[in-house]
Amino acid sequence: ALDRPTPEAVELDPEVYWEAVRATTREALDAAGLEGTRVRALAISSQGETLVPVDASGRPTRPAIVWLDNRPAAEASLIETEFGAAAVYRVTGQPQVVPTWPACRILWLRRNQPEVFRRTARFLLVEDFLLHRLTGAWATETALQSSSLMLDIGRRRWWPEMLDFLEIGPERLGELTEPGRAVGRLTPEAAQALGLTPEALVVAGSLDQVAAAVGAGNVREGIVSATTGSVLALVCTTAEPVFDPGGRVPCHLHALPGHYCLLPWGQTAGMALRWFRDQFWPELADQAGAYEVMTAAAATVPAGSEGLVALPHLEGAASPEFNPRAKGVFFGFTPRHGRAHFTRALLESVAYMLRRNLEVVEEVGLSAGEVRAMGGGAKSPLWLQIKADVTGLPVRAVAAEEASCLGAAMLAAVGAGDFQGLPEAAEAMSGLGRRFEPNPAHRSVYDGGYRRYVELYERLAPMFTW
């Protein structure tokens with residue numbers, strides 16, 4: 001449950017992240033029937049962009065500024081004016097300067113909360129904060145920092161000119177390391193809190209979407225994986241950095257050494273479905289199996305939702321639009337449309353978002369023979385079939401329900417020396433499940449729905465000004 005003190009602000013007490021690690025670790029041990037002494041290594045799959053400012057002792061100097069926070073809009077404009085979007089893209093791999101990036105948040109703090117800025121010894125991301133709690137080390141990893149706007153992804157080092165503009169030095173960030181590298185061992189305090197042994201090795205993990213790709217076995221060039229969790233994210237592995245001349249696709253460092261990935265993403269996916277559940281299926285809000293009930297209702301609605309089209313941009317739009325002011329829209333409803341139609345329209349809108357980003361990826365020279373699907377959305381056979389029908393590609397569910405956690409475990413295993421590298425770990429630890437083939441009978445209706453989805457956004461974009 002996130003704190004929203006103003007419409008643009010999204011914050012959270014950083015202790016919530018630590019408590020989640022503590023509780024989840026103990027729950028995992030209990031579920032597996034294992035003693036904590038059996039755990040040899042661990043790594044973290046972390047959300048990106050959430051900024052956790054801390055003092056020299058690692059205590060937060062203010063609530064975390066969550067990645068959804070849009071307050072630094074003016075600061076994003078200042079950075080773009082100073083460096084130019086093209087230069088930012090060439091250095092950091094981020095094609096647009098938007099309020100999401102941590103550099104914008106740091107600048108916002110300097111300009112709006114100068115006392116907090118002065119008291120802050122380190123500007124951390126969530127994984128960095130947890131690594132410090134676990135080991136006492138100030139460490140961060142390159143895949144996570146790819147979207148900070150402070151990392152030179154070609155040189156794999158901090159971007160000095162950006163740090164100068166923010167008026168911080170590298171000593172106020174974490175020390176850069178690679179995913180899968182050991183950071184240290186658990187402190188006695190952390191070991192006691194988690195029920196583990198101080199001998200347990202802590203390994204640098206990865207950005208959640210990249211960790212999920214690792215868990216899906218997406219560790220060689222040419223594989224495309226897609227996660228539908230709170231957000232939608234695609235990972236397209238490539239041996240070399242790829243830049244879109246149209247500036248629509250982010251390029252990140254991969255957890256696979258020496259590799260990159262295109263990482264187009266959408267601000268809301270499962271989050272939009274959760275919002276719809278809470279607001280329009282209130283009787284299901286606290287029930288297990290709520291989404292199964294909703295998707296079962298949606299399955300009774302014909303493909304195309306009888307003309308109802310949704311834009312799922314509840315928190316702005318990311319790839320390929322990059323419009324933080326975009327809003328959610330339902331268009332084309334009539335008296336015959338009920339909440340089952342609206343539910344299906346949301347499912348289809350995320351599939352349209354997936355197709356639009358796949359088309360952009362293909363335009364820059366990468367192609368997909370199939371899509372490996374992960375996240376909570378991969379639990380729904382209906383949603384997977386809709387994605388196959390909309391994209392015209394086979395969609396293959398990943399066997400692990402929590403692929404990002406599996407990816408973190410694979411990185412931990414590599415860091416502990418159990419495997420020579422991620423390809424070997426993937427061969428041993430990852431697996432694929434059911435394959436959904438496109439239904440030719442739905443092709444024309446979804447081609448039309450997709451065209452309406454794209455045109456609806458383009459026509460409404462000038463109106464998203466508030």
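Residues numbered from 1 in each chain as written. Predicted model: local features only at pLDDT ≥ 70, side-chain atom pairs only at ≥ 80, totals over all residues. Heavy atoms only, no water.

Asker: How should the overall build of the protein be read in this particular structure?
Answerer: Across its full length, the protein holds 17 helices and 21 strands. What you see for the protein is a C-alpha radius of gyration of 22 Å, in line with the 23 Å of a compact globule of 466 residues. Seen through its principal axes, the protein has C-alpha atoms that stretch 60 × 55 × 45 Å. Of the contacts made within the protein by residues no fewer than 6 positions apart, 73% connect residues no fewer than 24 positions apart. In the form shown here, the protein has an accessible surface area of approximately 18,600 Å², with 51% of it arising from carbon and sulfur atoms. Each charge class in the protein was averaged separately, 43 positive and 54 negative side chains, and the resulting centres sit 2 Å apart. (Helix = DSSP H or I, 4+ residues; strand = E, 2+ residues; numbered from the N terminus. Rg over C-alpha atoms; globule rule 2.2 N^0.38 Å. Contact = heavy atoms within 4.5 Å. Areas by Shrake-Rupley, 256 points an atom, 1.4 Å probe, with all protein chains shown as cover. Lys, Arg positive; Asp, Glu negative; His and termini not counted. Charge placed at Lys NZ, Arg CZ, Asp CG, Glu CD.)

Asker: What should I look at first to understand the pattern of salt bridges in this one?
Answerer: Between side chains of opposite charge, pairing is possible as soon as their charged atoms come close. Tallied over the full model, the rule gives 28 salt bridges. Taken together, the salt bridges that share partners define one network made up of Glu 11, Arg 62, Asp 69 and Arg 71. (Salt bridge = Lys/Arg side-chain N within 4 Å of Asp/Glu carboxyl O.)

Asker: Before we go on, may I ask you to explain the sheet that holds strand E10 (residues 182-185) in this structure?
Answerer: Backbone-to-backbone hydrogen bonds pair the strands of a sheet. The strands run either parallel or antiparallel. Read across the open sheet, the 3 strands follow the order E2-E11-E10; overall the sheet is mixed. Each edge of the sheet is formed by a strand with only one pairing partner; in this case those strands are strand E2 (41-46) and E10. Strand-to-strand, the axes of this sheet are offset by a mean angle of 30 degrees, without reference to chain direction. Judged from the 5 bridges that link them, E2 and strand E11 (residues 201-207) form a sheet pairing that is parallel. Looking across to E11, one finds that Ala 43 is bridged to Val 203. (Pairing = 2+ DSSP bridges. Axes fitted to C-alpha atoms, helices over the stretch in contact; angles between N-to-C directions.)

Asker: Would you explain the side chain of Arg 277 in this entry?
Answerer: Along the chain, Arg 277 turns up in helix H11 (residues 270-280). A relative accessible area of 11% means that Arg 277 is categorised as buried. Polar contacts involving the side chain of Arg 277 include one to the side chain of Tyr 291, which spans 3.4 Å. Not counting residues up to four positions away in its chain, the partners in contact with Arg 277 are Pro 282, Leu 284, Ala 285, Ala 290, Tyr 291 and Met 294. (Buried < 20%, exposed > 50% of the residue type's maximum accessible area, 1.4 Å probe, protein only. Polar contact = N/O pair within 3.5 Å; in protein donor to acceptor, adjacent residues only side chain to side chain.)

Asker: I tried to follow helix H15 (residues 403-415) on my own but got confused; where do I start?
Answerer: A turn of α-helix holds 3.6 residues, and therefore any two residues three or four places apart point the same way. Helix length check: H15 (13 residues) gives 18 Å between terminal C-alpha atoms against 18 Å at 1.5 Å per residue, within 8%. The buried count for H15 comes to 10 of 13 residues, which makes it a mostly enclosed element. Looking at H15, one finds that the buried residues are Ala 403, Ser 404, Leu 406, Gly 407, Ala 408, Met 410, Leu 411, Ala 412, Ala 413 and Val 414. Of the surrounding secondary structure, the elements contacted by the buried residues of H15 are E2, E11, helix H10 (208-215), strand E19 (371-374), strand E20 (395-398) and helix H16 (422-429). (Expected span 1.5 Å × (residues − 1).)

Asker: What exactly am I supposed to notice about unusual backbone geometry here?
Answerer: The peptide bond linking Ser 319 to Pro 320 adopts the cis configuration, its omega dihedral lying at -5 degrees. One can find Pro 320 in the loop between strand E17 (309-312) and strand E18 (328-331). The phi dihedral of Ser 305 is positive, around 55 degrees, even though this residue is not glycine. Residue position: Ser 305 is located in the loop between helix H12 (290-298) and E17. Judged by its relative accessible area of 0%, Ser 305 is buried. With a phi close to 50 degrees, Phe 322 is a non-glycine residue in the positive phi region. Along the chain, Phe 322 turns up in the loop between E17 and E18. When its relative accessible area of 9% is taken as the criterion, Phe 322 is described as buried.

Asker: Hey, could you run me through the environment of Glu 115 in this one?
Answerer: Along the chain, Glu 115 turns up in helix H5 (residues 114-119). The exposed category is assigned to Glu 115, whose relative accessible area is 56%. Once the C-alpha coordinates of Glu 115 and Thr 61 are considered, the two residues, 54 residues apart in sequence, prove to be 9.7 Å apart.

Asker: Just checking my understanding: could you explain the packing of aromatic side chains for this structure?
Answerer: Two aromatic rings are characterised by how far apart their centres lie and by the angle between their planes. Counted according to the given criterion, the structure contains 17 aromatic pairs. For the pair Tyr 89 and Phe 243, a centre-to-centre distance of 5.3 Å together with 85 degrees between the ring planes defines the contact as edge-to-face. Linking Tyr 89 in helix H3 (residues 85-92) with Phe 243 in the loop between strand E13 (232-238) and strand E14 (251-253), this pair joins segments that are 154 residues apart in sequence. Its relative accessible area of 34% is what places Phe 243 among the partly exposed residues. For the ring pair Tyr 352 and Tyr 453, a centre distance of 5.5 Å and an interplane angle of 45 degrees mean the geometry is tilted. Of the two residues, Tyr 352 sits in helix H13 (residues 339-363) while Tyr 453 sits in helix H17 (residues 443-460), which places them 101 residues apart along the sequence. Here the two residues Tyr 352 and Tyr 453 agree in accessibility, since each one is buried. Each residue in the set Trp 275, Phe 276, Phe 280, Phe 330, Phe 333 and Phe 342 is aromatic and connected to the rest through ring pairs, giving one cluster. Its end group placed over the ring of Tyr 260, Arg 156 keeps NZ or CZ at 5.4 Å from the ring centre. Looking at Arg 172, its charged tip hangs above the ring of Phe 117, at a distance of 4.7 Å from the centre. (Phe/Tyr/Trp six-rings, centres within 6.5 Å; stacked < 30°, edge-to-face > 60°. Lys NZ or Arg CZ within 6 Å of the ring centre and 35° of its normal.)

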